[in-house]
Amino acid sequence: MAKNLLLIFTLFQLFGNSIVSFSQNYSQTIRGTITDYDTKEVLIGATFVILNQDPFIGASSDINGKFKIEKVPFGRYNIKVTYIGYQDYSIKELEVGAGKEIILNIELHQKLYLGKEIEIKANKHKENSVNEMTTVSSRTFSVEETNKYAGSWGDPSRMASNYAGVTIVSDKRNDIIVRGNSPIGVLWRLDGISIPNPNHFSIAGSSGGAISMINSNLLDNSDFLTGAFAAEYGNAISAVFDLKMRNGNNEKREYIAQLGVNGFELGAEGPFIKGKPASYLINYRYSTLGVLDLMGISIIDAVPQFQDISFKLNFPIKKSIISVFGIGGKSSALYEPEADSTKWKNIEDRYGYLSGSKMGIAGISLMQFLNKKNYLKITLSGSLNNAFFRDDSTGTDYHIYENKKLNTIETNYSFSAFVNTKLTPRNLFRYGIIFKNMNVENEMYLMSYFPTENKHLINNFAGNANLAQAYIQWRFNLNEKITINSGIHYLYLLLNNKNSIEPRAAIKWSITSTQTLSFGFGIHGQIQPLATYFTQAKDSSGNESLPNKDLDFTKSQQFVLGYDWLILENLRLKLELYYQNIYNVPIDIAKPTNSLINFGTDDNIFSESAYANSGKGKNYGAEITLEKFFSKNYYFLITGSLLNSKYVDGNKMERNTRYNCNHAFNFLAGKEFIISKRKSNSLGINFGIIDIGGQHYTPIDLIASQTAGRTIYIDSLAYSKQFKDFIKVDIRLSYKKNGKKVSHEIAVEINNVFNRQNIESQFYNANKKEIQYTYQLERIPIVLYRLKF
C-alpha cells in the first residue's frame, strides 16, 4: 500500500511540474440548440442565461433555434433557459474547461393552462429520464458520472451497479443483477435500436463481459431502467440500458487522447467541411492490460488483448437528419503452459486455453420532420456477435492437443420505425414497429486421443428466427399535477408462432412542486437465448429433433410504487417498492432444479438440455436512494436495497434464486477542490463503499466428488447455501489542469483498497481432493491520463 501511495504522489508531482503556464485568456464557448421536447421543433427567441454573473452573460436562440456565448471563463455555472409558454429549464454546475466546447441540446416542455397556473421547473437532474414516457424505476446517467464514480472504470454497467436494486455477479466482469433477475434479462439499446452484448470477453447468452466496448467519451446523457418499462421497450424483463451517442462538434475540430492500464485511446470529432452542419465522431482504443501483468496483477490467467472502435456520422439535411453509427471490437486471451515438464506438479499445469469474443454493430437512421406535430424515425442495422473458447493440453512431447472447443456466431439484421405525434400539449403518442432477423451458428465438441483420435460433437447447428414487435404509447397530462403514460407492446416469434400482448401503464402525481408519487405496472416478455431453440437431441433410434423449438416467452408481471422528494434544491430522496411475478420460465426436464432464471456467466447455454416452460419465480423488495447532486464542489449517493428472490423448480419446490443476495448497500461521495484563482485547476477525491449479500449456491458433495474424480453437486439442496457478503472499498484521486486550449487530467484509482478476499465461486480440486474457492479482484491500482485539445 505504501508503494502505491508513493507512486500516486510521484505521478501528481511530475504532472504538476510538466505543464508550462498558458495565456491568461482561460475561456471557452457554450453553444447549442433549443427545441420543443415532444416535436423537436426549434424554438426561436428562447433565452439562455448564466446565473449570478456580473456583467450579465446570456444569449437568445436564433431562427434555427441556435445560441452561442463565447469567452466564458473556466469554472462551474448554473444555467437557466426560458421561453414564453414553456416550463423553465435549469442546468446545475455545468463545468466549462479547455479542450472541448460545451454543446447543449436543450428540450423544453410546453406549459399546460388548465385553470390556475402553477410554476413547474425542469431541472437537468438524474430524477428526470431522457425518455419522459418512462415514469418509474428510471434514472439518467452522464459521462461525468461514468468517469468520476470510484470503481466505475468509465464503464456504464459498473457505474450502474451503484444504483438501488442493482448488484454484480463478480467484479471481474460487468454483468449486473437487477432486482434479483438473471443478467440475461438486460436489454442494450443504442440510439433507439437493440444491440448485441457490447462487452469484451462476452459469453454466449450473457449481457456482460470483462471490459465494456461502450466508450463513455462518446455518450450523451442516457437512461437506465430497472422495472415496469414504457411500452416502447420490449424483449427484456430485467433492465434496459438506453444509450444515446452524441453528435460530433460541427463547427470546430477537437481531439482526445487517453492512456491508462485499461487501454490507449485516440478520438477525434469535427465538421467534415467547416461552415457545413455535417459532423463526425470517432474513437479507437487498444488494450494495455499487459501493464497489470508486469505488476504481478492478474484479472484472468492470461493477459487479455482487446481493441475497439466507435463512430457516428451526422448529416442534417433541411427537414431531415441522417446518422450513421457503429461499434466494433474484438478480444482474446491466450494462456499456454510452460514448455518445461519439470515445472508440472499436476495435470492442470499442462492445460492452456484461448477465449475471447468479437462484436460489431452498424446502423443508419433517418429522422424526418413531417410537420410541426409529427416526426418519423427509421433505422436499419446489422450486427455480429462471436464468442469462442478452446481448451488445450500439452503432451510430454510438448505437442498441443485440443480438448474442447466452443464457437458461436450470431448475426442480426433489424428494421425499426416509429412516429411521434403531439396532438395537443396534453396528448403525445408514439407508435412503432421493429422487425429482427436473427441467425445463429454453433459448434461444440470434445476430443479424445486414446486409443485413437476422435471428435465427439455435442452441438453443431445453424438456425434462424424472426422476431416482430409493435407498440403504441400515450402520454396524457390530465392536469398540471397528474401525468399518465400507457401503452401496449406486442411480441411475435415467427419460429414457433408464439406471441405476447403486454399492456403497460404508469401514473405520476406531483403532490407538491417538490414531491411526487408514482405507480407503474407492466407485463414484460423475453425470448430465450437464441441458441436454446436449436438444441439438438437424439432418440433411441438416432433421429434428431429440436426439443426446445416451441419454447414460449419468459414473462414477468411487474408492479412499482415510488415516492420522490426533492428535499432541497440539490438533495433528493427516492423510495420504491416493487413486486415481480415471473412465469413461463424454462426448466430442465432431466434436471428439475436447473432453471434459466439462474443462468450465469459460468453456465453453458449450448448444453443438450431440453426445457419446458413450467417454472415460476418472484422478486420483491424495497429500495432507498438519498442523493446530493454535485453542488458547492461535492456530491454523495447513498443507496440501500432489501430484496427476496425465489423460484419454483420442476419439482414444485420453492428455492432461493442464485441472485437472492437479500441486501445491498452503496455509499459514493466525492469532493472537488479548486486550486487556482481562475478556477482552471482542480483536485478531486472520490470513494465508494459496497456491501452486497453473497450469492446463493448449490453445495458440493465432497465424498461423491472424491469417488467420481470430478465435481458432484447436491441438487436436492440447490441454492440453499450463501457466500459471505461482498465488501469492497474503492478510492479515486484526480487532478485537472486547464490551459488556454488544452485540458489535462490524471487520475489514480485503487480498486479494493483493503485487498479483501471476496469469494466468487467454489469447485472441487481433483488433485488435492478438496473443495476450494476462486476469489474476486484483489487490490488493483489504475492510472489514467487524459488530454483534450
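Not measured: the values here are computed from a predicted model. (Residues numbered from 1 in each chain as written. Predicted model: local features only at pLDDT ≥ 70, side-chain atom pairs only at ≥ 80, totals over all residues. Heavy atoms only, no water.)

From N to C terminus, the chain includes five helices and 46 strands. Viewed in the frame of its principal axes, the chain has a C-alpha envelope of about 85 × 60 × 45 Å. Every one of the 789 residues in the chain was classed for burial, and the buried ones make up 56%. Within the chain, contacts between residues at least 6 apart in sequence are counted, and of these 65% link residues at least 24 apart. When the accessible area of the chain is evaluated, it comes to approximately 33,700 Å², of which 57% is carbon and sulfur surface. Of note, the chain has its 86 positive side-chain charges centred 7 Å away from the centre of its 73 negative side-chain charges. (Helix = DSSP H or I, 4+ residues; strand = E, 2+ residues; numbered from the N terminus. Buried < 20%, exposed > 50% of the residue type's maximum accessible area, 1.4 Å probe, protein only. Contact = heavy atoms within 4.5 Å. Areas by Shrake-Rupley, 256 points an atom, 1.4 Å probe, with all protein chains shown as cover. Lys, Arg positive; Asp, Glu negative; His and termini not counted. Charge placed at Lys NZ, Arg CZ, Asp CG, Glu CD.)

Under the counting rule described, the total for this entry stands at ten cavities of 30 Å³ or more. In terms of lining, the largest cavity is formed by 50 residues, of which the most central are I184, V186, N235, Q526 and P529. Top contributing element to the lining of the largest cavity by residue count: strand β25 (residues 400-424), with five residues. Class assignment of the residues belonging to the lining of the largest cavity gives a composition of 25 nonpolar, 21 polar and four charged. (1 Å grid on protein atoms, 1.4 Å probe; cavity = no way out; pocket = protein on both sides within 12 Å on 5 of 7 lines; lining within 4 Å. Points joined across faces, edges and corners; volume = space filled by probe spheres on them. Nonpolar A, V, L, I, M, F, W, Y, C, P; charged D, E, K, R; others polar.)

The element strand β1 (residues 27-36) is extensively covered by neighbouring structure, given that ten of its ten residues are classed as buried. Here β1 runs beside strand β4 (residues 66-73); their pairing, made up of six bridges, is antiparallel. Across the sheet, I30 pairs through a bridge with I69, a residue of β4. Judged from the seven bridges that link them, β1 and strand β7 (residues 102-108) form a sheet pairing that is parallel. The partner of G32 across the bridge, within β7, is L104. (Pairing = 2+ DSSP bridges.)

In this section: the packing of aromatic side chains. Counted under the stated rule, the structure contains 25 aromatic pairs. Geometrically, the ring pair formed by W474 and F476 is tilted, given 5.3 Å between the ring centres and 35° between the ring planes. Since its relative accessible area comes to 32%, W474 is described here as partly exposed. When its relative accessible area of 17% is taken as the criterion, F476 is described as buried. Pairwise contacts between aromatic rings join F141, Y163, W188, F224 and F241 into one cluster. When the ring centre of F673 is taken as reference, the NZ or CZ atom of K671 above it lies at 5.6 Å. (Phe/Tyr/Trp six-rings, centres within 6.5 Å; stacked < 30°, edge-to-face > 60°. Lys NZ or Arg CZ within 6 Å of the ring centre and 35° of its normal.)

Taken in spatial order, the five strands make up an open sheet running β9-β16-β17-β12-β13, and their pairing is mixed. The open sheet terminates on both sides in strands that have one partner only, identified here as β9 (138-141) and β13 (193-194). Looking at chain direction, strand β12 (residues 186-190) and β13 are connected through two bridges and run antiparallel. Among the inter-strand pairings, L190 is bridged to a residue of β13, identified as I193.

Our next topic: the side chain of N758. Along the polypeptide, N758 turns up in the loop between β43 (743-751) and β44 (759-765). From its side chain, N758 meets the backbone nitrogen of I727 in a polar contact 3.0 Å long. A distance of 2.9 Å separates the side chain of N758 from the side chain of R756, its partner in a polar contact. (Polar contact = N/O pair within 3.5 Å; in protein donor to acceptor, adjacent residues only side chain to side chain.)

What follows covers the pattern of salt bridges. Here the idea is simple: oppositely charged side chains can pair when their charged atoms come close. For the structure shown, the criterion picks out 40 salt bridges. Here K40 makes a salt bridge to E107, at a shortest N to O gap of 2.9 Å. With K40 in the loop between β1 and β2 (47-50) and E107 in strand β7, this pair connects stretches of sequence that are 67 residues apart. Across the salt bridge formed by E623 and R179, the nearest N and O atoms sit 2.8 Å from each other. Highlighted residues: E623 in strand β35 (residues 611-631) and R179 in the loop between β11 (176-178) and β12, separated in sequence by 444 residues. No difference in accessibility class separates E623 from R179, as the two residues are buried. One continuous salt-bridge network, built from bridges that share partners, spans R31, K68, E70, E101 and E251. (Salt bridge = Lys/Arg side-chain N within 4 Å of Asp/Glu carboxyl O.)

Grouped together as the largest cluster of nonpolar side chains are 31 residues, with contacts concentrated most on F141, Y163, F224, F241, L243 and I327. When contributions to this core are tallied by element, the ones reaching two or more residues are α3 (156-160), β11, β12, β17 (239-243), β22 (320-335), β23 (351-369) and β36 (634-648). Those residues in contact with F224 that sit more than four places away from it in its chain are S137, S138, R139, F141, A160, Y163, V166, I176, V178, A239, V240 and F241. With 26 residues, the next largest nonpolar core counts I30, A46, L94 and V96 among its residues. (Core = buried A, V, L, I, M, F, W, Y, C linked by side-chain atoms within 4.5 Å.)

As judged from the 16 bridges shared by strand β34 (residues 571-588) and β35, these two strands associate in the antiparallel manner. Bridge pairing in β35 places I582 opposite G617.

A few words on a nonpolar patch on the surface. Taken together, the side chains of I507, W509, L517, F519, F559, L561, L577, Y579 and Y620 make up a nonpolar region of the molecular surface, amounting to roughly 760 Å² of accessible area. Elements with a minimum of two residues in the nonpolar patch: β29 (498-510), β30 (515-526), β33 (554-568) and β34. Mapped onto the fold, L561 is located in strand β33. (Patch = residues over 30% accessible without salt bridge, like charges linked within 9 Å, V, L, I, M, F, W, Y side chains within 5 Å.)

Right, let's get into the sheet that holds β7. Two strands in a sheet stick together by hydrogen bonds in their backbones, pointing the same way (parallel) or opposite ways (antiparallel). Pairing is mixed across the open sheet formed by three strands, whose spatial order is β4-β1-β7. In this open sheet, the two edge strands, each paired with only one partner strand, are β4 and β7. Looking at each pair of strands side by side, their axes are set apart by 25° on average, direction ignored. (Axes fitted to C-alpha atoms, helices over the stretch in contact; angles between N-to-C directions.)

Attention now moves to the environment of I472. Within the fold, I472 resides in strand β27 (residues 454-477). The sequence separation of I472 and H489 amounts to 17 residues, and the corresponding C-alpha distance is 6.8 Å. The residues touching I472, leaving out its near neighbours within four places in the chain, are A231, R430, Y431, S486, G487 and I488.

Attention now goes to the environment of Y335. Here Y335 lies in strand β22. C-alpha separation for the pair Y335 and D397, spaced 62 residues apart in sequence, amounts to 18 Å.

On average, residues of the chain carry a pLDDT of 89, and 92% of them reach 70 or more. Counted against residues more than four places away or in other chains, residues 2-24, with its pLDDT under 50, gives 27 contacts. In this model, residues 114-123 is a region of pLDDT below 50 whose contacts with residues beyond four sequence positions or in other chains number 21 contacts. (pLDDT = per-residue confidence, 0-100.)

Looking now at the side chain of T593. Secondary-structure assignment places T593 in the loop between β34 and β35. Owing to a relative accessible area of 9%, T593 belongs among the buried residues under this scheme. For T593, the contacting residues outside a window of four places in its chain are Y647, D649, R655, D715 and A718.

For the rest of this paragraph, the subject is unusual backbone geometry. Residue P55 is reached from D54 by a cis peptide bond, and omega for that bond is 10°. Along the chain, the position of P55 falls in the loop between β2 and β3 (57-60). Looking along the chain, the bond that leaves F450 and enters P451 is cis, with omega of 0°. When you line up the elements, P451 lands in the loop between β26 (427-448) and β27. Phi at E93 takes a positive value of approximately 55°, unusual for a residue other than glycine. Mapped onto the elements, E93 comes out in strand β6 (residues 88-96). Residue K769 is not a glycine yet carries a positive backbone phi of 55°. Its place among the elements puts K769 in the loop between β44 and β45 (770-775).

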